[in-house]
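# Structural overview for review
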Amino acid sequence: MAVNAATLDPTVIDPAAVPAAATRHHLVFLRNTKAMTGLVLLAVFTVLAVIGSWISPYDPSALSAATMSPPSAQHWLGTTNLGQDILSQILVGTRGVMIVGLAAGIIATALAVIIGVTAGFIGGVGDELLSALSNIFLVIPALPLIIIIAGQLPSSGELTVAFVISITGWAWGSRILRAQTLSLRRRDFVEAARANGESLWRIVIFEILPNLTAIIASSFVGTVTFAILSEITLAFIGVTSISNWNWGTILFWAQSNQALARGAWWWFVPAGMCIALLGMALSLINFGIDEFVNPRLRNTGQNARTMRRRGIRARIGFTPVARSAQPADPAQPAGRGRKDEA
Amino acid sequence: MTATTTTPRSPGAPASPRPPVLEVRNLSVDYGYGEAPTHVLRNTSLTLHRGEVLGLAGESGCGKSTLAYAATRLLPPPGLITGGEVIFTDRFGTSVDLLRLDDAQLRASRWRDTAIVFQGAMNSLNPVFRIGRQLTDAIRAHRPDESRQTSAERAAETLEMVGIAADRLRSYPHQLSGGMRQRVMIAMALALEPQVLIMDEPTTALDVVMQRQIIEQISELRERLGFSVIFITHDVSLLIEIADRIAIMYAGEIVEDAPAEDVYRRPRHPYAHGLLRSFPPLHGPRRELGGIPGSPPDLLHLAPGCPFAPRCPHAFDLCRTDRPTLGPTAFAASEPSRLVACHLHAGGVVPRELTAGVPS
Amino acid sequence: MIFLARRIGFYLVTAWAAVTLNFFIPRMMPGNPVDALINRYQGQMSSDAIASLNVLFGMDDKTSTFQQYLHYWSLLFHGDLGLSFAFFPTPVAAIITQSLPWTIGLVGLSTVLSFIIGTLIGTAIGWRRGTWADSILPITTFFSAVPYFWLGLLAIMLFGVVWQVLPASGGYDGGLVPTFSGEFIGSVLQHGLLPAATIVISSVAGWILGMRNMMVTVSSEDYVTVAQAKGLSERRVMFGYAARNAILPQVSGFALSLGFIVSGTLVMEMVFSYPGVGYVLYQAVTAKDYPLMQGVFLIITLSVLVANMLADLIYALLDPRTRQEG
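Per chain, residues are indexed from 1 in the order of the written sequence. Chain labels run from A onward and ligand labels from 1 onward, assigned in the order the entries are written. With the structure being a predicted model, the display of local features is reserved for residues of pLDDT at least 70 and the display and counting of side-chain atom pairs for 80 or more, all residues being used for whole-chain, interface and lining totals. Side-chain numbers come from the whole structure's heavy atoms, not from hydrogens or water.

### A look at the nonpolar core
Ile147(A), Trp247(A), Leu251(A), Phe268(A), Phe149(C) and Leu153(C) are the most contacted members of the largest nonpolar core, which has 163 residues in total. With 19 residues, helix H10 (residues 234-271) of chain C is the single largest residue contributor to this core. Whether two residues are in contact is decided by their heavy atoms, any of which lying within 4.5 Å being enough. Residues in contact with Phe268(A), not counting those within four places in the same chain, are Leu251(A), Ala254(A), Ala259(A), Leu260(A), Trp150(C), Leu153(C), Leu154(C) and Met157(C). Val321(A), Val196(B), Val229(B) and Ala315(B) belong to the second largest nonpolar core, which has 105 residues in total. Side-chain atoms within 4.5 Å are what join buried Ala, Val, Leu, Ile, Met, Phe, Trp, Tyr and Cys residues into a set we call a nonpolar core. Accessible area is worked out with a 1.4 Å probe on protein chains only. A residue is then buried under 20% of its type maximum, exposed over 50%, and partly exposed in between. Here a strand is any run of E in DSSP of at least two residues, a helix any run of H or I of at least four, and the numbering for each starts at the N terminus.

Structure below.
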């Protein structure tokens, strides 16, 4: 599109070039195969979360005569011991998973940003106290804490669960954000802003936060992963309401109805695969962010590919010697020069 | 050890009769393994003679450290040696190409033949091992038959040689000051009595007093042990004091190679001239300091021709199309030991400021 | 020593925070949880259980919250965690004492094993970049993305049900009496194999990735280049210089992520019906046995703190910079 417009009308070139340069960063991120795969997968699950209950072939709780049937044309992913359609349960359950993940991710990331950035920026005793607080929450095992809180709450709806998870899940992000803020605080542009007499909050919002975007994003994605795994585990143990469909609830019913002993693999494998796919999507996005932030990691991957092709092995302390460096001659295998000249 | 001491030379004396100990021939190095690597060194050649202190100078990023690391095959990824030879000749006249040794041979040669003192001693020592262990493991790797006792004595001896008490062998790196750590590195480098010592900005991170002490110590040890030195620095004034010969690098190429005194008093390359004018003179009348206008070229997008041409006040048409090679100066008859890579000397007209010391 | 003193101080504060959380959480819940519980059980609860609950939740209004708090501490120091009402009238402390050794054996051993295996593999992959070994990395992504318990379910399905090679539930053969006989120990090992292997497989990925990344970072440090320049053997440079330094953040990472790992492995006990505290927690959750839940939370937290302290001790032994000043 852009190429066509540019070649057809030369006057378009200049204005087109400017936004291209401005959005180059985003393009780099999107050109990353890992990030792209992750985003596509995530988008699929998001769409399922929205339309899941409309496209599901059956009511997930509806009983039927076909009990414990393996995958078939009527029931693509088989049925439970009560004849409920597992595909419908997964489709309908996607929404619960995504809502809790997203809500917990947002709350926990907000907490992490507030506490981490404040700690890193104010320094001194306040920093010590806030860091100690996040370390305490890091060290205390999260799941038992969530269990005793969620187990005693009178209601255990999705948002309540999300809230409880975020209370325990903010500490990791806060720790990373604090460290990054600490190093930003000493950078020249922040010092300059201070010397100019800009207000504390102006500096934080306009100088610090924009530079933390990638880390906040990665911490958000990490927290969403943590929240989803926690929520599913809670549902699987039966701490949270077992009447709300999500992938954990499916596993709960599978476990409590001896699906394993009866060999009903279709009851728990699809739900687990969905968790794995969603988790991998989130990890891939995070890898993408990491490589975007830290080019050294990115280069390693690309280097590895080109090197294998050229037969070079990069080693620490033994710089490779490739005498046929001219890549102009594709007919010759890489690394031939060594033999030629020997 | 054939302790050859420096003999005073008059400017423009014939080439040193001393045999070479380390010869870098047409070394080419790329950064990046992909389709469009940066050519950081292009056919660079350099010779270190036995018993000589060779200074390697240039702006940061000119490739002087790369040259040293590549010649020892210590260049970290994504460095790639794409051609050339590095010939090491031992005391008995046997030569080997370091780039063709296999891993075991190269390991055996390292530190025994060529030792290196790296830039920034802060990170050169393993923070979790005691100094003594780091000294002896180098000794024991090369002399496996030696007893632990002997290695430990040798370690203590070398440490005392650089003026550090032997009880410091029990210290961890973080317990030493910056200057002390650099001395430990020098002691470590000399522990196996190597024939070549490469020093990469060994004093840059230190204060001036410490810098001076270490430089004096190196000169003294060299007199005593007779090793050859490649001394890399961006500080040309420092080189003039300690080097016998100076090579000036620009954009991955050596542009001038001549006895130290000659480079200092009678530069032949416009870049060497500019570089020297940016340092205050050590002796003699004050003169106006001048920098070099412009900035070093981007090695990824190097234009054809002389890489210095865009900044050179004397550049003419040929400079923008043809790359000059290292060759004799326009006055080769009176100064055969000097080399310069400049079209002005190969058929051009040498401007006045580059003709100092030439009988007219 | 200042390092260790600071750490111990931190653990004391964390222990205090955990106890205090444990005390206040039931009191902060909206409504009267005891009434809610009694309603939920619809009169099936004994009056003793109700009395025990009232003490636990501070519903006897005669004393102030602060007095209750002090009382709670004094009970704790006497090892009194209240009475379980799923196993009424067994004290919570007794149930936990019985199950804790199983957890330490299974979770402790397999976590340490996983750390060691992962660190070794990560060392090798990080050192030899650009070889086939890099292809392990995507697999580790998969394992870090699925919940531990789901891998446990798969393992039970395959080894316990389909192939029937290993017992898939319990800590020992039900027909045996726990003694130090060879038969009993054999049975314990046999029952522990599958859960332990599953814990190792599901948690090893994180250690591999962490160590690999640290090796990559440390490999570009000057002292590694110096070690190569000295002509030391490959093994010596790799272990003595690179891995020896890369393991430091790995150990502190171990301390920090213990909470996460223990959480995951507790669920593994639930899946394998292994007689440890994780399974006790599961039973407590199923029976809405709050005193037991809270007791388990406290014990798990304290155990993790002890493990953390051990990790810090190891760190201090590994890094001379924490030991001496100057």
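### A word on the sheet that holds strand E7 (residues 196-200) of chain B
Residues and elements named next belong to chain B. Two strands qualify as a pair provided DSSP detects at least 2 bridges between them. In spatial order, the strands read E6-E7-E8-E3-E9-E10-E12-E11; together these 8 strands make up an open sheet with mixed pairing. Unpaired on one side and paired on the other, strand E6 (114-117) and strand E11 (327-328) mark the two borders of the sheet. Both strand E10 (residues 253-259) and strand E12 (residues 339-340) contribute to a ladder of 2 bridges, which runs antiparallel. Along E12, the bridge assignment pairs Glu 256 with Val 340. All axes are obtained by fitting lines to C-alpha atoms, using only the stretch in contact for helices, and the reported angles, taken between N-to-C directions, cover 0 to 180 degrees. In the packing of helix H5 (residues 178-190) onto the sheet, the strands contacted are E6 and E7, and the crossing angle to E6 comes to about 175°.

### Some words on the interface of chain B and chain A
If you look at the interface, chain B gives 22 residues, while chain A gives 19 residues. Between chain B and chain A, the buried area comes to about 1,900 Å², and carbon and sulfur atoms account for 47% of it. We define a salt bridge as a contact between a side-chain nitrogen of Lys or Arg and a carboxyl oxygen of Asp or Glu at a distance within 4 Å. Where chain B packs against chain A, one counts 0 salt bridges. Secondary structure elements with two or more residues in the side of chain B that touches chain A: strand E4 (79-89) and helix H2 (103-109) of chain B. The biggest single contributor to the side of chain B that touches chain A is E4(B), with 6 residues. Buried area is understood as the total, over both parts, of accessible area removed when two parts are fitted together, assessed with a 1.4 Å probe.

### Topic: the sheet that holds strand E5 (residues 95-97) of chain B
All names here are of chain B. With antiparallel pairing, 4 strands are arranged side by side in an open sheet as E2-E1-E4-E5. Of all strands in the sheet, those bounded by a partner on one side alone are strand E2 (38-49) and E5. Each neighbouring strand pair of the sheet contributes to a mean axis angle of 5°, computed without reference to strand direction. Two elements, strand E1 (residues 20-31) and E4, share 8 bridges in a ladder whose sense is antiparallel. Across the sheet, the residue bridging to Val 29 is Ile 81, located in E4.

### Comments concerning helix H5 (residues 86-122) of chain A
All names here are of chain A. Helix span, as expected, comes to 1.5 Å for every residue beyond the first. For H5, spanning 37 residues, the distance from its first C-alpha to its last is 52 Å, which sits close to the expected 54 Å at 1.5 Å a residue. We define the bend at any residue as the angle between the axes fitted to the seven residues before and including it, ending there, and the seven starting there. Bending of H5 peaks at approximately 30° at the position of Gly 93. The element H5 is extensively covered by neighbouring structure, given that 26 of its 37 residues are classed as buried. With its phi angle positive at about 65°, Gly 123 sits one or two positions after the end of H5.

### Observations concerning the interface of chain C and chain A
Counting from both sides, the interface comprises 59 residues of chain C and, opposite them, 55 residues of chain A. Roughly 5,200 Å² of surface becomes buried between chain C and chain A when both sides are summed, with 75% attributable to carbon and sulfur atoms. In terms of surface lost to chain A, no three residues of chain C exceed Trp150(C), Met157(C) and Leu256(C), which account for 12% of the buried area on that side. Linking chain C with chain A are 1 salt bridge, by the criterion used here.

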